[in-house]
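What follows is each chain in one-letter form.
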Amino acid sequence: MNTEKTKIHFTDNYLINPTNPITVNIIGAGGTGSKVLTALMEMNHSLVELGHAGLSVRLWDDDVITTANLGRQRFAECEVGLCKSVALINRANRFMGTYWKSETVKFEKDSLGRLPQNAEATIYITCVDNVQARFGVAEILKELCNRRNHRDTPKYWLDFGNSQHTGQVILSTIGEIKQPNSEKYETVASLPFVTEEFGELLLQSEEQDDTPSCSLAEALEKQELFINSALAQMGCSLLWSLFRYGMTEYRGFFLNLGNFQSQPLKVA
């Protein structure tokens, strides 16, 4: 008889019963980030309807909209030339009546090693297109983890990454999350950073061509049309389960749209 307990991560209690909207930093407003923002709009409205305080989102991206972004990313032709983060946040606020914020700079330390302003948040969602940006975010989160003395104490990091037709979403805790006593489950308090657990793999899979695409056709040679939206929906479903059910057996997944296979990643 197998008596091994199922390993479960219980959501930090503050996410379940917050006194204020949960602060979220989305880093990257491109193919995945623009669609994650749409999913968070739906999530925020649903949480509020359920009596939750909802979300307070800040979107980071220093890039501007080009014609190559149209079609695969959440932008219209009339927005070409605008800052991605500003266009998306303005649209979200008009649509949902929220007061979310945009940042038109990269989420990175400055030349003196100082953290970016407004860097503090409870949840971080990275939708960046290069590995070094992830390592930079990890460094900032480790520094913020030592400042656990304010409301926006960092709790979770949800990382989205993809190549042409494959991708992954991985949830990490920023430090240990206090777990309740459980007779039914084996609780898991700490989920390692994606840069620590899969750092070598990320570096090996890094695509060297960072040249901006000049057209949608060229962009589609690098990334399939629906890989970003598929990851966004499935990844935000994981985040939703943390809020809605207060626990998760899984911390992410690997997805292959080429053969329609998805491989879940357990918390331990």
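All values reported here derive from a predicted model rather than from experimental measurement.

## Some remarks on the sheet that holds strand 9 (residues 247–248)
- A sheet is described by the order of its strands in space; here three strands give the open sequence 8-1-9, paired in mixed fashion. Bordering the open sheet on either side are strand 8 (185–187) and strand 9, each of which pairs with just one other strand.

## Things to note about the pattern of salt bridges
- Across all of its chains, the model carries 13 salt bridges by this definition.
- Across the pair Arg58 and Glu103 runs a salt bridge whose closest N-O atoms are separated by 2.7 Å. Of this pair, Arg58 sits in strand 3 (residues 55–60) while Glu103 sits in strand 4 (residues 101–103), and the two are 45 residues apart along the sequence.
- Sharing partners across several salt bridges, the network here consists of Glu4, Lys7 and Glu186.

## Observations concerning the sheet that holds strand 3
- The sheet built from eight strands is open, its strands ordered 4-3-2-5-6-7-10-11 with mixed pairing. The outermost strands of the open sheet, each flanked by one partner alone, are strand 4 and strand 11 (261–266). Averaged over all adjacent pairs, the angle separating strand axes in this sheet is 15°, with direction ignored.
- Taken together, the four bridges between strand 5 (residues 123–126) and strand 6 (residues 156–162) define a ladder with parallel strand orientation.

## Digging into unusual backbone geometry
- Positive phi outside glycine occurs at Asn118, with the angle close to 65°.
- With respect to the element layout, Asn118 can be found in the loop between strand 4 and strand 5.
- The class of Asn118 is partly exposed, set by a relative accessible area of 37%.

## Here's the deal with the side chain of Asp12
- Relative to the helices and strands, Asp12 resides in the loop between strand 1 (6–10) and helix 1 (13–16).
- Engagement of the side chain of Asp12 in a polar contact is seen with the backbone nitrogen of Tyr14, the distance being 3.0 Å.
- Apart from the residues lying within four places of it in its own chain, the contact partners of Asp12 are Lys155, Tyr156 and Ile177.

## Quick notes on helix 3 (residues 84–96)
- Between the first and last C-alpha of helix 3 there are 18 Å, a value that for 13 residues agrees with the 18 Å anticipated at 1.5 Å per step.
- If you check which residues of helix 3 are buried, you get Lys84, Ser85, Ala87, Leu88, Ile89, Ala92 and Asn93.
- Turning to helix 3, the residues buried within the fold contact helix 2 (33–49), strand 3 and strand 4.
- One or two positions beyond helix 3, positive phi appears at Gly97, with a value near 75°.

## So, the environment of Thr104
- Structurally, Thr104 is set in the loop between strand 4 and strand 5.
- When the C-alpha positions of Thr104 and Ser85 are compared, they lie 6.5 Å apart, and in sequence the two are 19 residues distant.
- Among all residues touching Thr104, those that are not within four sequence positions of it are Asp61, Asp62, Cys83, Ser85 and Val86.

## Some points on the environment of Cys83
- Within the fold, Cys83 resides in the loop between strand 3 and helix 3.
- Expressed as a C-alpha distance, the spacing of Cys83 and Ile65, which sit 18 residues apart in the sequence, is 6.2 Å.
- Among all residues touching Cys83, those that are not within four sequence positions of it are Asp63, Val64, Ile65 and Thr104.

## What to know about the side chain of Thr126
- Turning to its location among the elements, Thr126 is positioned in strand 5.
- One polar contact links Thr126 to Asp159, side chain to side chain, over a distance of 2.6 Å.
- Thr126 has contacts with Ile27, Val137, Trp157, Leu158, Asp159 and Phe160, leaving out every residue within four places of it along the chain.

## Here we look at the pairing of strand 6
- Burial analysis of strand 6 places six of its seven residues in the buried class, the great majority of the element.
- In the sheet, strand 6 pairs with strand 7 (residues 166–173) via seven bridges, with the strands oriented antiparallel. Residue pairing across strands places Leu158 opposite Leu171, the latter belonging to strand 7.

## Here we look at the packing of helix 2 against helix 8 (residues 227–245)
- At a minimum axis distance of 9 Å, the contact between helix 2 and helix 8 shows a crossing angle of 30°. The angle between helix 2 and helix 8 places the two elements in the roughly parallel class. Judged by the twist between their axes, the crossing of helix 2 over helix 8 is right-handed. Residue-level inspection shows Lys35, Val36, Ala39, Leu40, Met43, Ser46 and Leu47 of helix 2 in contact with helix 8, the latter providing Asn228, Ser229, Ala232, Gln233, Cys236, Leu239, Trp240 and Phe243.
- Of the residues belonging to the contact of helix 2 with helix 8, the class tally is 10 nonpolar, four polar and one charged.

About the thresholds
- Residues numbered from 1 in each chain as written.
- Predicted model: local features only at pLDDT ≥ 70, side-chain atom pairs only at ≥ 80, totals over all residues.
- Heavy atoms only, no water.
- Pairing = 2+ DSSP bridges.
- Helix = DSSP H or I, 4+ residues; strand = E, 2+ residues; numbered from the N terminus.
- Salt bridge = Lys/Arg side-chain N within 4 Å of Asp/Glu carboxyl O.
- Axes fitted to C-alpha atoms, helices over the stretch in contact; angles between N-to-C directions.
- Buried < 20%, exposed > 50% of the residue type's maximum accessible area, 1.4 Å probe, protein only.
- Polar contact = N/O pair within 3.5 Å; in protein donor to acceptor, adjacent residues only side chain to side chain.
- Contact = heavy atoms within 4.5 Å.
- Expected span 1.5 Å × (residues − 1).
- Parallel < 35°, antiparallel > 145°, perpendicular 65-115°, else oblique.
- Left-handed = near helix turned anticlockwise from the far one by under 90°.
- Nonpolar A, V, L, I, M, F, W, Y, C, P; charged D, E, K, R; others polar.

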